[in-house]
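Okay, here's what each chain looks like letter by letter:
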Amino acid sequence: MSSRAGSGLKGSALYKKTDGVFSITDDRKSIIWTPSQPPDAAPAITIAITNISNLQQTPETNPKVILKIFEKPPGGTEATPAITHLFHFNSPKAPREEANAIKEVLSCLLVGLKANDPSVSKVNGHLPVSKAPGALQFASSDGWYEDSQLKADFDLQRDLMIRNPFLKQTYDEFRKLKSDGLSLTQFNSQFWSTRTNMLRAHAVEFNQKKGSYNVLSEVKPIGDSVTINREQIQLVFSQHPLVKQVYDENVPKLNEVLFWERFFLSRLYKKLKGNRITESDTTDPTFDRYLNQSDDDRSLRRRQEETQIPHFIDLEGNEENQGGTKSGNRKDWTMRPNSTTKVPIIRSLNSVSERIMANVAPSDIDPANPIGMSEKEFNELTLRDLQAASNETRIELNIKEQSLIQSRHKSSVSEEARFYAAKVPSDVLHDLSDDVMNGIGGGLQSAIGFIDDSNSEDEDKLPHVGSKSSIAEAQEHLIQGVKARGKEIAVARGNTDSKTMQAGLSNGIFESLTLSHATTTEFLNQFWLLFLSGDADRAGELSKTVESLDRAMERINAVAAAAEKERQEVIEQQRQEIRAHYQRTQKRLAWNANTIKGGEKTVMEMMDPIIKTLRKALTDYKEAFAAQNLEAPGS
Amino acid sequence: MDGVDGTDRQEGKQDGPTPSLLFIILDTNPHAWALLQNTLPFSKAIANILVFINAHLAVNNANQVAVIASHSQRSVWLYPRPPSDPQHGDDSDTGMDDENKTDTSNLSDASKYRPFALIENSLLHSLRKLIKTTTEADIKATTSTQMAGALTMALSYINKATIAFLDTGAAAKPTPTALDSSDKAVGLQSRILVVSVSGDLAYQYIPIMNSTFAAQRLRVPMDILKLAGDTVFLQQAAFTTRAVYLQLKNLQGVLQYLMMAFLPDQLARKHLVVPTQEVVDFRAACFCHRSVVDVGFVCSICLSIFCTPPEGAICLTCETQLALGDYGNKPAVIPKKKKKKKRALDGGSSRATPAPEAA
């Protein structure tokens with residue numbers, strides 16, 4: 001987390017025609033601007049955030065990125081005019097993103113200040129800045145993280161790539177192959193523009209913290225020895241105050257290692273964990289003394305009382321009122337207070353989770369809310385089925401009859417329909433009825449045309465329905481289908497080895513093929529994004545991408561050539577073996593070069609779909625190019 | 001006689017092989033069949049299908065069969081005949097006398113198993129009647145076939161047959177629900193076989209897909225035997241219902257295809273590798289022009305598909321005002337000279353005089 005600190009909150013900015021760096025200090029109390037010359041210059045301008053009265057920024061459409069900061073003069077009253085500072089963000093990479101990030105943070109801080117929040121270090125009331133300063137800019141947007149912010153957050157991207165090696169591989173490969181005219185910034189934004197969903201998921205994941213867990217169930221004694229680390233001991237103490245008490249009272253007398261070893265064998269451990277204690281469990285006087293003490297320490301008890309449990313789910317209260325086990329809850333043994341001995345596991349799990357939750361500061365509760373039951377809790381506890389049906393909040397859709405839609409649009413006539421329409425109806429009908437009336441007169445046997453003892457050679461001259469040759473062909477077709485389907489089923493069940501999947505290509509070739517496929521897909525993705533955007537400003541970028549597509553084709557060809565070379569080597573090797581065999585034994589081995597799989601043909605078969613898409617992209621581009629050249633001959 | 005004995009034993013024990021219902025939808029599009037005249041005449045195709053039906057009935061004598069014709073303007077029952085159309089009734093159709101002669105001669109053939117003869121007789125009779133009643137105007141009016149209607153009729157018949165089977169034959173058996181997830185074979189095993197010759201069914205896209213999904217829920221495979229044309233939606237139907245789709249390579253070997261690929265019922269298919277085509281065309285038809293689209297627009301509210309953005313970006317089905325992204329802009333491949341110059345100027349000037357633009 002700390003690696004991300006602050007770096008998103010810096011930007012090179014021009015101030016009074018001098019180059020420098022604009023940044024927000026780490027404590028978020030002030031902004032500073034440092035001139036870049038000399039290299040170790042002291043900050044020339046420092047504005048305390050409390051003194052900023054207003055912010056202005058040039059609109060997104062303006063190519064110039066200028067942030068205007070209004071500073072209250074120190075000690076000045078409302079009447080004295082504010083001092084204005086103009087920072088012109090001129091970073092060569094992404095001035096707009098830098099400025100936006102800074103402005104976001106600044107306006108957040110200002111809002112925090114204006115709300116008279118005593119701790120400036122909190123934004124939206126729950127994200128401590130000291131822990132995740134980089135995450136600040138996300139939290140400031142409304143719930144979902146903005147695409148533009150995600151795309152500009154280089155640290156987030158780097159972090160994601162570290163966790164996803166395949167993505168990094170794609171990125172590196174793609175970057176290596178990008179055309180030289182494409183700047184790194186352009187490349188980055190292109191690359192990530194199709195992956196904002198991944199970035200967003202990562203950012204969300206990043207901002208989540210892992211809570212503590214039920215530590216006793218995690219520590220597993222192996223035989224007599226137990227490995228427990230310091231952190232786990234801390235957790236045991238906080239989750240089970242009783243253990244802390246036992247530890248306090250016994251440890252100087254008892255060796256610490258020995259204490260833990262004996263604890264994990266004791267009945268007390270089983271009890272705390274919620275296991276049933278059996279007769280066969282070893283006894284240990286040191287720990288057994290505490291067996292009858294409840295782990296529900298007083299503080300928890302007090303806290304429970306404080307939280308004002310609604311009466312109708314208060315089991316102990318119900319018991320007092322002669323309800324509970326005597327009437328309604330009689331059958332349900334989980335709904336009785338103090339039945340620790342009966343269902344220890346439920347009890348102990350409940351109390352552990354309760355204690356874990358008690359130690360976590362709630363992140364979803366506004367501390368400003370009145371103490372007691374929140375509206376959400378109230379809603380959860382109400383017995384909904386006793387209430388009147390609520391109004392439905394559906395959005396009505398007015399679906400129109402499909403036939404109405406169709407009638408309004410003239411349906412296009414298919415080729416087949418046109419072909420049929422050209423026929424003479426009377427001929428068609430006559431032929432058909434003639435056939436139906438007289439076709440099966442001689443019975444089925446003759447109609448299906450299968451002659452049992454016919455010679456297939458005779459039939460070949462005059463194929464007819466049910467001839468041996470046609471039946472053989474049909475059978476061949478079906479068996480091919482069965483084979484293909486069988487292979488498919490085997491693949492689906494994972495029964496095939498990688499050899500068949502790779503169709504004879506070596507691992508190296510297959511890998512480079514996979515990689516070049518991935519990068520080509522990437523280029524195609526970018527191409528269509530640019531091509532269909534219709535943005536003339538990005539036409540330069542587009543032509544660069546087209547160059548990349550051209551090269552993608554070359555790369556596929558190169559892989560194919562390499563595969564072919566490999567195949568030829570294998571063939572050559574086998575030839576030599578056969579020659580050697582022949583010289584040794586004077587026997588020829590039957591061998592056919594076609595049995596060696598792989599090579600250019602396989603590569604081309606595998607890449608066929610992507611080659612087609614490449615061709616389509618390039619053709620479309622050329623057509624559009626030619627058309628626009630005609631329109632604007634001057635260019 | 002053996003067959004009759006077998007039936008009694010099975011019914012007594014209730015544990016014989018589960019009977020299956022084969023529902024054949026015969027695409028009788030006259031245009032398409034006229035085109036196939038030289039390779040696979042209609043009559044020969046019917047004869048092959050009749051042999052296939054006989055084979056199906058011979059597998060288990062509790063097996064049932066139903067045949068429907070998906071004709072150019074309507075769907076017509078071929079077998080069993082609707083009650084309103086008695087087989088040897090007082091039909092005053094002029095052609096009836098001739099037919100009845102052949103029919104009776106067929107039925108009295110001692111060397112033929114009577115149930116086979118009955119079906120053959122009935123089916124041919126209905127088919128001849130159907131062709132006779134087809135007018136030139138019918139053929140002229142449409143070049144396609146009523147596949148969606150036929151599928152709907154098939155599904156409702158299958159539903160009825162399943163219920164009837166449970167009521168009479170096997171009252172003790174648990175009622176299978178449509179969404180029953182267990183694969184245990186209960187009740188009647190029904191399947192549909194579509195013998196299709198028409199290609200162009202795009203205008204029936206929605207009803208066909210609806211019946212496909214109904215069949216999927218009822219676990220009724222929709223086998224497709226494609227003699228001519230290529231229909232995207234029937235491919236999808238076979239895929240969705242885990243059935244067999246076969247586009248024949250050799251029409252004259254049609255019997256071989258029928259026997260090898262379509263004879264086993266669902267229960268048998270679980271133990272077999274069924275030939276089917278590997279590649280399924282998953283394209284959809286747009287709602288506005290009923291043409292099959294590669295790239296289309298989908299309403300985000302009601303999921304209607306359009307080949308081009310509807311007028312004013314208002315969905316035709318649900319009338320929701322939709323927003324279009326910048327998709328569909330005319331691609332700009334040549335940078336605008338003027339703009340470029342301006343940008344260059346901007347870059348130069350902004351460094352020099354940042355102040356005046358700031359406000």
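Residues numbered from 1 in each chain as written. Chains lettered and ligands numbered in written order. Predicted model: local features only at pLDDT ≥ 70, side-chain atom pairs only at ≥ 80, totals over all residues. Heavy atoms only, no water.

1. Here we look at the overall build of chain B
Rule in force here: The numbering of helices and of strands both runs from the N terminus, where a helix is a DSSP run of H or I of at least 4 residues and a strand a run of E of at least 2. Only protein chains enter the accessibility calculation, which uses a 1.4 Å probe; a residue whose area is less than 20% of its type maximum is buried, one above 50% is exposed, and one in between is partly exposed. Contacts between residues were defined by any pair of non-hydrogen atoms, one from each residue, lying within 4.5 Å. Areas reported here follow the Shrake-Rupley algorithm with a probe of radius 1.4 Å; residue values treat only the protein chains shown as occluding.
Scanning chain B from N- to C-terminus turns up 12 helices and 10 strands. Expressed as a percentage of its 359 residues, the buried residues of chain B come to 52%. Considering only intrachain contacts with a sequence separation of at least 6, the fraction spanning at least 24 residues in chain B is 69%. Surface summary for chain B: the accessible area is close to 17,100 Å², and the carbon and sulfur share equals 56%.

2. As for the environment of Gln169(A)
With respect to the element layout, Gln169(A) can be found in helix α5 (residues 165–177). Residues Gln169(A) and Thr519(A) lie 350 residues apart in sequence; the distance between their C-alpha atoms is 9.9 Å.

3. Re the sheet that holds strand β5 (residues 222–226) of chain B
Residues and elements named next belong to chain B. Applicable threshold: Two strands make a pair as long as DSSP finds a minimum of two bridges between them. In this analysis an axis means a line fitted to C-alpha atoms, helices contributing only their contacting stretch, and an angle means the value between N-to-C directions, from 0 to 180 degrees.
Strand order in this open sheet of 6 strands is β3-β2-β1-β4-β5-β6, and the pairing throughout is mixed. Edge positions in the open sheet fall to β3 (75–79) and β6 (245–247), since each of these has one partner strand only. Taking the axes of each pair of neighbouring strands and ignoring which way they run, one obtains an average angle of 20 degrees across the sheet. Relative to strand β2 (residues 64–70), strand β1 (residues 20–27) is paired through 7 bridges, and the arrangement is parallel. Paired with Leu22 across the two strands is Val65, which belongs to β2.

4. With respect to the UniProt feature "coiled-coil region" (unreviewed entry) in chain A
Stated precisely, the cut-off is as follows: UniProt positions are given in the numbering used here, feature names are shortened, and annotations may be inferred rather than shown by experiment.
Per the UniProt record, the feature "coiled-coil region" (unreviewed entry) sits at residues 546–573 of chain A. Its end C-alpha atoms 41 Å apart, residues 546–573 of chain A is made of 100% helix and 0% strand.

5. Some points on the pattern of salt bridges
Opposite charge on two side chains makes pairing possible when the charged atoms of those side chains draw close. Heads up, the rule is: Whenever a carboxyl oxygen of Asp or Glu lies within 4 Å of a side-chain nitrogen of Lys or Arg, that contact is scored as a salt bridge.
Applying the stated criterion across every chain, the model contains 12 salt bridges over all chains. Residues Lys616(A) and Asp620(A) are paired through a salt bridge, measuring 3.4 Å at the closest nitrogen-oxygen approach. Highlighted residues: Lys616(A) and Asp620(A), both in helix α27 (residues 599–631), separated by 4 residues, approximately one helical turn. According to the relative accessible area criterion, Lys616(A) is partly exposed, its value standing at 47%. For the salt bridge of Asp223(B) with Arg269(B), the shortest nitrogen-to-oxygen distance reads 2.6 Å. With Asp223(B) in strand β5 and Arg269(B) in helix α11 (residues 266–269), this pair connects stretches of sequence that are 46 residues apart.

6. Details of the packing of helix α3 (residues 42–59) of chain B against helix α10 (residues 254–262) of chain B
All names here are of chain B. Definition in use: The scheme is simple: roughly parallel for angles under 35 degrees, roughly antiparallel for over 145, roughly perpendicular for 65 to 115, oblique for anything else. We call a crossing left-handed when the near helix sits turned anticlockwise from the far one by less than a right angle, and right-handed when that turn is clockwise. Gly falls in the polar group here, along with every residue not listed as nonpolar (Ala, Val, Leu, Ile, Met, Phe, Trp, Tyr, Cys, Pro) or charged (Asp, Glu, Lys, Arg).
Running from amino to carboxyl end, α3 crosses α10 at an angle of 25 degrees, the nearest separation of the two axes being 9 Å. Between α3 and α10, the angle is such that the two are roughly parallel. Considering only the axes of α3 and α10, their crossing is right-handed. On α10, the residues touching Asn48, Ile49, Val51, Phe52 and Ala55 of α3 are Val254, Leu255, Leu258, Met259 and Phe262. Tallied by class, the residues present in the contact of α3 with α10 amount to 9 nonpolar, 1 polar and no charged.

7. What about helix α26 (residues 539–585) of chain A?
Turn by turn, an α-helix covers 3.6 residues, leaving residues three or four places apart pointing in a common direction. Using the following cut-off: By this rule the span expected of a helix is its residue count minus one, scaled by 1.5 Å.
Given a rise of 1.5 Å per residue, 47 residues ought to cover 69 Å, and the 69 Å separating the end C-alpha atoms of α26(A) matches this to within 8%. Directly after α26(A), the chain includes Gln586(A), whose backbone phi takes a positive value near 60 degrees.

8. Considerations on the packing of aromatic side chains
All names here are of chain B. Worth spelling out the cut-off: Pairing of aromatic rings covers Phe, Tyr and Trp, the last counted by its six-membered ring, and requires centre-to-centre distances within 6.5 Å; plane angles under 30 degrees mean stacked, over 60 mean edge-to-face, and any other angle means tilted.
For the coordinates displayed, the defined rule picks out 27 aromatic pairs over all chains. Ring geometry for Phe239 and Phe282: centres 5.1 Å apart, planes at 80 degrees, overall edge-to-face. Of the two residues, Phe239 sits in helix α9 (residues 232–240) while Phe282 sits in the loop between α11 and β7 (284–285), which places them 43 residues apart along the sequence. Among the residues examined, Phe282 registers a relative accessible area of 52% and is labelled exposed.

9. What about the pairing of strand β4 (residues 189–196) of chain B?
All names here are of chain B. Summarising burial for β4: 8 of the 8 residues are buried, a large majority. Both faces of β4 are covered, namely the face carrying Gln189, Arg191, Leu193 and Val195 and the face carrying Ser190, Ile192, Val194 and Ser196. Strand direction decides the pairing type here: β1 and β4, joined by 7 bridges, are parallel. Within β4, the residue paired with Ile24 across the bridge is Leu193. Taken together, the 5 bridges between β4 and β5 define a ladder with parallel strand orientation. Note that in β5 the partner of Val195 across the bridge is Leu225.

10. Topic: the packing of α26(A) against α27(A)
All names here are of chain A. One way to put it is that α26 packs onto α27 with a least axis distance of 10 Å and a crossing angle of 165 degrees. As far as their axial angle goes, α27 and α26 are roughly antiparallel. α27 is crossed by α26, and the crossing has left-handed handedness. Taken together, the residues of the contact of α26 with α27 break down into 17 nonpolar, 3 polar and 5 charged.

11. What to know about the side chain of Thr317(B)
Applicable threshold: Counting of polar contacts relies on pairs of N or O atoms within 3.5 Å, with two restrictions inside protein: one atom must be capable of donating a hydrogen and the other of accepting it, and residues adjacent in sequence are counted only when both atoms are side-chain atoms.
Assignment of secondary structure puts Thr317(B) in the loop between β10 (305–306) and α12 (337–352). Polar contacts involving the side chain of Thr317(B) include one to the side chain of Ser304(B), which spans 2.8 Å.

12. Here's the deal with the side chain of Asn54(B)
Examined against the element boundaries, Asn54(B) turns out to sit in helix α3. Of the residues examined, Asn54(B) reaches a relative accessible area of 11% and is grouped as buried. Aside from chain neighbours lying at most four places away, what touches Asn54(B) is Leu444(A) and Phe116(B).

13. Here's the deal with a negative patch on the surface
The criterion, for reference: Only residues whose relative accessible area exceeds 30% and that form no salt bridge are eligible for patches; like-charged ones are grouped when within 9 Å, while nonpolar side chains (Val, Leu, Ile, Met, Phe, Trp, Tyr) are grouped when within 5 Å. Lys and Arg are tallied as positive, Asp and Glu as negative. Neither His nor the chain termini are counted. By convention, charge coordinates are those of NZ in Lys, CZ in Arg, CG in Asp, or CD in Glu.
Taken together, the side chains of Asp427(A), Asp431(A), Asp434(A) and Glu136(B) make up a negatively charged region of the molecular surface. Looking at the negative patch, the element that brings in the most residues is helix α20 (residues 425–438) of chain A, giving 3 residues. When you line up the elements, Asp434(A) lands in helix α20.

14. Points about the pairing of strand β6 (residues 65–71) of chain A
Residues and elements named next belong to chain A. Of all 7 residues making up β6, 7 are buried, and the element is well covered by its neighbours. Burial along β6 is two-sided: the residues Val65, Leu67, Ile69 and Glu71 and Ile66, Lys68 and Phe70 are all buried. Relative to β6, strand β5 (residues 52–57) runs antiparallel, the two being bridged by 5 bridges. Residue pairing across strands places Ile52 opposite Glu71, the latter belonging to β6. Pairing of β6 with strand β7 (residues 83–89) involves 7 bridges; the strand directions are antiparallel. When the sheet's bridge partners are listed, Phe70 is paired in β7 with Thr84.

15. A short note on helix α5 (residues 114–133) of chain B
Relative to the 28 Å expected for 20 residues at 1.5 Å per residue, α5(B) spans 28 Å between its end C-alpha atoms, a close match to the ideal helical length. The buried count for α5(B) comes to 14 of 20 residues, which makes it a mostly enclosed element.

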